[in-house]
Amino acid sequence: MTNFLVQRIGRRVDPELRPVLNVSRGIHERMRTKLRRDLAQVVATWEGQGKKGELESRRLWLQKAMPITARTLARDALLVLILHWLWSSFIVMPLPPPANEPGPSACSEGDSEVGSAFRRTDPGTMDGKFMVGYQGWFMAPNDGPPLHPGHHGWVHWFDEPPTSGGRPTFDLYPDVSSYPSTSHRTPPEPYADHPPLFSSRDAAVVRQHFRWMREFGIDGAWLQRFGEQVMDASEGGARAELRAWRDEVGERVREAAEEEGRVWAIMYDLSGVPAERIFDVVATDVEHLLHHRDILSSHSYLSHNGRPCLGIWGIGFRDRSLTPAHFLPLLSHLREAGFYLLGGVPLHWRAGEFDAEDDVGWAEVWEKLDAVSPWMVGRFSDLESADEVAELSGKDRKWCEERGIDYVPVVFPGFSWRNLHGGPLNEIPRQGGAFLWRQLSNALAYSPTALYGAMFDEYDEATALAPAITRTALLPPSSPFLALDANGAEVLPSDWYLRICSLGALALRGERWALERDFEEARKEVQGWWEVWGGGGAPPAGGPTCAAPPLPSRPAQTPPLPPRPEPLPLYSRAAPGKHFVAPQRAAWRPPDLTRPPPVHHSRAGWVAAAPAPAQESQPGPPGREYLEEQRRRVEDVLSGLGSEENRMEEGVGRVGDAARRAAAPVVKRVVKDLISSQVQGGRTEGREGG
């Protein structure tokens, strides 16, 4: 009851006062946790000692203290509401009523009838953004010009027409009930008895996707742009048609983001691009987007610190024949052009193991990035391994913070790609949302710059956050597809995972307290999302009745790209206008001792190697080498004695605190005397030798 009261009050207060309520709740939650831990410790100790009377009295006192913290929390929440009423009544304009209460039009300030807590996203910063990856790669017959004459049209739904021996390439079945009926695409035989599908070329479909983002407080999307699909477009033919298709999807995303008040940015996926062509493919396509598609004139294109954002995914992954030399020229070129660069990197990018290349030169690549986003899809499959990865991510976050690099972790709801690549169906179960919730809770614990939800619409690998079919019973028997109740999970609403993302986005922005670690504690809030956060009532069958307000015109911000850099020593041109050839090994050069020490690899992470001792140009005075040798020996003795002293103190601690306090000074005094005598002896011998 107290949590429900706090949630309702939290919806009424201004964003400036919500942190006060969050802090109050956090203090009392920690107090209750401490009391529970105290009770458990007393029970474990006193039961062993037979102190039943003391145990019972302690238990009664703690049981009385629990309701006190709840009443105190309710009192503080009421106090915040009173402060807000005074603030809004006498200092600023009155607070408008929630969308489900009588009053002016719910859209009078640019909000829709649902999700009215979520207003237009600020495109000028990435801080506190919950972004999603957006593929936009589904097609259907007759949704536009075919990719090439004679193409069957079912891109990313089927590899070939099933009647010609083709098979489906997606696992999770989408729910299209909220799309306009004109956007429903009947699957081909023998799947014609299945629910309809959709096309990403349909403007109404993309608009619905971004409408969901606005309703659930998701800030926007990283639109995936695949290097393999845009390279060699200048040659015309099928390559040009592929790029034209991606341009078309980009226009739909741009329109929907501007209409729904969301942000968007381009992220290049370099899968399938030859290593030696990475620079030319990306640099050429960026010029195309800037000068022919004019993407930066969009009101909603995301920027950070005055620089437009650009993502590069696929840096440093193992088994792709990539080296740092393939990326350094590209990253330098894009930074000179004024872009803020987010790199999609392996999970073990710092350690250089498992899914990451172990070349020590990658450390220089990481320094070229403005933000890193480790890829986590498929790297773990249960709550325990998610917690282990969270520990690694916390260290990554600290490393980035020390170097001024932003950190954007990835969260995903589950995984399956049996129809695409084989393997078991529902390979990484969603666990009814508990798997995604634990990742969000862990990520928010180390205060990331932003979050990346993978992915919004990827039904292929069953990572889609967008609505999906809720029950397997809605699919024909023996259907090779997944619904949200797979493996006996409970029946969930189709927008269940958008609701979870919504609460994660609120916590990321500080508009809700930190997510509870246990999903069961928050399940009721997710179930009642529409009543608490969605403006009240049941989810609407259709879309909102009004759109976000238009933005004032903004001049184009297309920066001129710097000239292409001359080939580095590692590269050579095959011919004018052609791509780079494979890098050659650079000639050896003597090390420059004036530069910082190189970065070497260890299992614990990237660590700076100790520089080699400099050679003496002139022989030192007699006895200098001997004194240096004695100094090193003394340091070794100190190190060994220190570890021995620690072990002695640990052993003494087992005897008791009193014995340890009495013995430790004696040990330290003996050690100091021993060290002093050895140092004096070494210095005396050194002087005599000199």
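Everything discussed here concerns the structure shown above.
Basis of the calculations
- Sequence order as written defines residue numbering, which begins from 1 separately in each chain.
- Given that this is a predicted model, residues contribute local features only at a pLDDT of at least 70 and side-chain atom pairs are listed and counted only at 80 or more, while totals for whole chains, interfaces and linings are drawn from all residues.
- As a rule here, side-chain values come from all non-hydrogen atoms in the structure, and water together with hydrogens is ignored.
- Salt bridge, as used here, is a side-chain nitrogen of Lys or Arg placed within 4 Å of a carboxyl oxygen of Asp or Glu.
- For every residue, the accessible area obtained with a 1.4 Å probe (protein chains only) is divided by the maximum for its type, and the residue is called buried under 20%, exposed over 50%, and partly exposed between those limits.
- Helix and strand labels come from DSSP, where a helix needs a run of H or I of at least four residues and a strand needs a run of E of at least two; each type is numbered from the N terminus.
- For our purposes a nonpolar core is just a set of buried Ala, Val, Leu, Ile, Met, Phe, Trp, Tyr and Cys residues, chained together by side-chain atoms within 4.5 Å.
- DSSP calls a pair of strands paired once it identifies at least 2 bridges connecting them.

A. Structural detail: the pattern of salt bridges. If you walk through the whole model with that rule in mind, you get 28 salt bridges. For Asp159, the salt bridge goes to Arg167, with nearest N and O atoms at 3.8 Å. The exposure class assigned to Asp159 is partly exposed, which follows from its relative accessible area of 34%. A relative accessible area of 38% places Arg167 in the partly exposed class. The partner of Glu255 in a salt bridge is Arg252, with the nearest N and O atoms 3.0 Å apart. Note that Glu255 and Arg252 are positioned in helix α6 (residues 238-260) at a spacing of 3 residues, about one turn of the helix. Using a relative accessible area of 18% as the deciding quantity, one classes Arg252 as buried. Counted as one network, the salt bridges with shared partners bring together Arg207, Arg211, Arg214, Glu259 and Glu260.

B. Local environment of the nonpolar core. Judged by nonpolar contacts, the single largest core of 151 residues is most densely connected at Phe130, Trp222 and Leu310. If you tally residues by element for this core, the top one is helix α13 (residues 496-508), at 10 residues.

C. Fine view of unusual backbone geometry. Here the residue pair Glu189 and Pro190 is connected by a cis peptide bond, since its omega of 5° sits within 30 degrees of zero. Here Ala454 and Met455 are connected by a cis peptide whose omega angle stands at -15°. Looking at the secondary structure, you find Met455 in the loop between β10 (451-453) and α13. A positive phi angle, near 55°, is found at Asn305, a position not held by glycine. Counting through the fold element by element, Asn305 comes out in the loop between β4 (303-304) and β5 (307-313). Note on Asn305: relative accessible area 63%, which makes it exposed. Its identity as a non-glycine residue notwithstanding, Phe354 has a phi of 60°, on the positive side. By secondary structure assignment, the location of Phe354 is in the loop between β6 (340-345) and α9 (362-368).

D. The arrangement of the side chain of Asp285 in detail. Here Asp285 lies in helix α7 (residues 278-291). By relative accessible area, which is 2% here, Asp285 ends up buried.

E. A look at the pairing of strand β3 (residues 263-269). Counted residue by residue, β3 has 7 buried out of 7 residues, so it is predominantly covered. Burial along β3 is two-sided: Val263, Ala265, Met267 and Asp269 and Trp264, Ile266 and Tyr268, pointing in opposite directions, are all buried. As judged from the 7 bridges shared by strand β2 (residues 220-226) and β3, these two strands associate in the parallel manner. Note on β3: the bridge partner recorded for Gln224 is Met267. Judged from the 4 bridges that link them, β3 and β5 form a sheet pairing that is parallel. By the bridge assignment, Tyr268 is partnered in β5 with Ile312.

F. Up close: the pairing of strand β1 (residues 130-134). Of all 5 residues in β1, 5 are buried, a share of seventy percent or more. In this structure, β1 lies alongside β2, joined through 4 bridges in parallel fashion. Note on β2: the bridge partner recorded for Gly133 is Trp222.

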